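Report on the structure
Okay, here's what each chain looks like letter by letter:
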Amino acid sequence: MAIKVPSMELHRPAPLLSGGRGKTCLQKKPFLVQAKRLGGLEKASTRGAQESGQPKKRAPLIRGTVSPPLPVPGNIPRPPYVGTKDVPQIAKEIQMHDKESIVHMKAACELAARVLEYAGTLVKPSVTTDEIDKAVHKMIIDAGAYPSPLGYGGFPKSVCTSVNECMCHGIPDSRELQDGDIINIDVTVYLNGYHGDTSKTFLCGEVDEASKRLVKVTEECLLRGISTCKHGTSFKKIGRRISEHAERHGLGVVECFVGHGVGRVFHSEPIIYHQRNNKPGQMVEGQTFTIEPILSMGSTDCDMWDDGWTAVTTDGSLAAQFEHTILITRTGAEILTKC
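Residues numbered from 1 in each chain as written. Predicted model: local features only at pLDDT ≥ 70, side-chain atom pairs only at ≥ 80, totals over all residues. Heavy atoms only, no water.

**Things to note about the overall build of the chain**
Operational definition: Where helices and strands are cited, they refer to DSSP runs of H or I of at least four residues and of E of at least two residues respectively, numbered from the N terminus. Only protein chains enter the area calculation, which uses a 1.4 Å probe; residues under 20% of their type maximum are buried, those over 50% are exposed, and those in between are partly exposed. Computed with the Shrake-Rupley method and a 1.4 Å probe, the accessible areas treat only the protein chains shown as cover for residues.
Secondary structure assignment for the chain yields five helices and 17 strands. Going through the 339 residues of the chain one by one, you find that 56% of them count as buried. Counting only carbon and sulfur atoms, one obtains 52% of the accessible surface of the chain, whose full area is about 14,600 Å².

Below, the structure is given as structure tokens:
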């Protein structure tokens, strides 16, 4: 689940950035991305963009009816922010892990990954985002975990569902998914005192080629950002790698939402900017944080709905997002939220 940075944190022209039973993960071994430079990146051109076509015209996203928050059994531990409507401050602590806490982080992240994988199977035309929320909620509490978004700063649902031009933090409601929609589902779970955070953009029905390309390139940007990570690497390399790949494909990186440290605390330092920046700081072995770029076909500026959460592109352009929680190692980064 991304966090929004104040406008004074943004520096131009170098943009700065930054949320029944499911199937089990097929891959149980750690998924490692070694920190080495990728070669042979695709070159985007105007002709390539034309060949991808234009996204089909869609009606603007309209909110539906939001049902009441779902109950959580009393025996399931809550994060400390539950019960207040204030958005918690970003913790200044850098969340470091020893062998024992890494075990807990991996368990929370594995559950989040399985929940997200299951949620993706529900994405079909005529299904409502509220139905997805209910299914996700049940899977999380059945596992003895708490859905981290529920009650975070008053957020009323257990998962974020961001459709089409919604950049992030969409609130599940009664709107039915339409054939050709794209939807980001952002899952965070709180298990045994640790948060695992991940998101993915899914295709609903028959999606046009331009929208598929947006989704594909956004996922590639995430993986390229992760590929830079290892002990001692500057955080700013993440934004540079993401920006380079997005620009090759004529896409913009949204500036106002960032990745973040995650662990016992939902949102903490370090702040992860997803495009070129000169922010200081280096990665340290044992750190966990999210990388979660949002790319747009058009404007990278956002309008906020009066619900205080839903962020949409100012011009109605489609946006896509992908997110992983990663653990910094001596030689690379381990993706903890990989199924």
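Additional details are given in the paragraphs that follow.
**Here we look at the pairing of strand β16 (residues 324-328)**
Where we set the bar: Strands were regarded as paired on the criterion that DSSP finds at least two bridges between them.
In terms of burial, β16 is a largely internal element, five of the five residues being buried. Burial along β16 is two-sided: H324, I326 and I328 and T325 and L327, pointing in opposite directions, are all buried. Pairing between strand β11 (residues 288-291) and β16: four bridges, direction antiparallel. Residue pairing in the sheet places I291 in a bridge with H324 of β16. In the sheet, β16 pairs with strand β17 (residues 332-335) via three bridges, with the strands oriented antiparallel. Bridge pairing in β17 places I328 opposite A333. Taking the residues between adjacent antiparallel strands as the criterion, β16 and β17 are bridged by three residues.

**Quick word on helix α3 (residues 129-142)**
Residues lying three or four places apart along an α-helix face the same way, a consequence of the helix completing one turn every 3.6 residues. The test is simple: Given the number of residues in a helix, its expected span is that number minus one, multiplied by 1.5 Å. Residues are treated as being in contact if the distance between any of their heavy atoms lies within 4.5 Å.
For α3, spanning 14 residues, the distance from its first C-alpha to its last is 20 Å, which sits close to the expected 20 Å at 1.5 Å a residue. Most of α3 sits out of view: ten of its 14 residues are buried. Summarising the contacts, the buried residues of α3 are in contact with α2 (99-121), β3 (146-147), β4 (160-163) and β6 (182-191). Of the residues trailing α3, G144 is marked for its positive phi of about 80 degrees.

**A closer look at the nonpolar core**
Short version of the rule: To qualify as a nonpolar core, a set must consist of buried Ala, Val, Leu, Ile, Met, Phe, Trp, Tyr and Cys residues joined through side-chain atoms within 4.5 Å.
Membership of the largest hydrophobic core comes to 36 residues, with the highest contact counts inside it found for V123, I132, I183, I185, V187 and V189. Counting residues per element, the ones that place at least two in this core are α2, α3, β6 and β7 (194-203). Sort the elements by how many residues they give to this core and α2 lands first, with nine residues. Among residues more than four places away in sequence, those in contact with V123 are I132, L177, I183, I185, F202, L203 and C204. Counting residues in hydrophobic clusters, the runner-up holds 27 residues, among them C229, F235, I272 and L295.

**Points about the UniProt feature "binding site: a divalent metal cation 1" (unreviewed entry) in the chain**
We apply this condition: UniProt positions are given in the numbering used here, feature names are shortened, and annotations may be inferred rather than shown by experiment.
According to UniProt, the feature "binding site: a divalent metal cation 1" (unreviewed entry) maps to D186, D197 and E323 in the numbering used here. Annotated residues spanning 138 residues; largest pairwise C-alpha distance 8.1 Å, indicating a single compact cluster. With respect to the helices and strands, the residue D186 is situated in strand β6. The exposure class of D186 is buried, given its relative accessible area of 1%. With respect to the helices, strands and loops of the structure, D197 is situated in strand β7. Note on D197: relative accessible area 0%, which makes it buried.

**Some points on the sheet that holds strand β15 (residues 319-321)**
Pairing is antiparallel in the open sheet, where three strands are placed in the order β8-β12-β15. Bordering the open sheet on either side are β8 (252-253) and β15, each of which pairs with just one other strand. Taken together, the two bridges between β8 and strand β12 (residues 294-296) define a ladder with antiparallel strand orientation. Bridged to G252 within β12 is S296.

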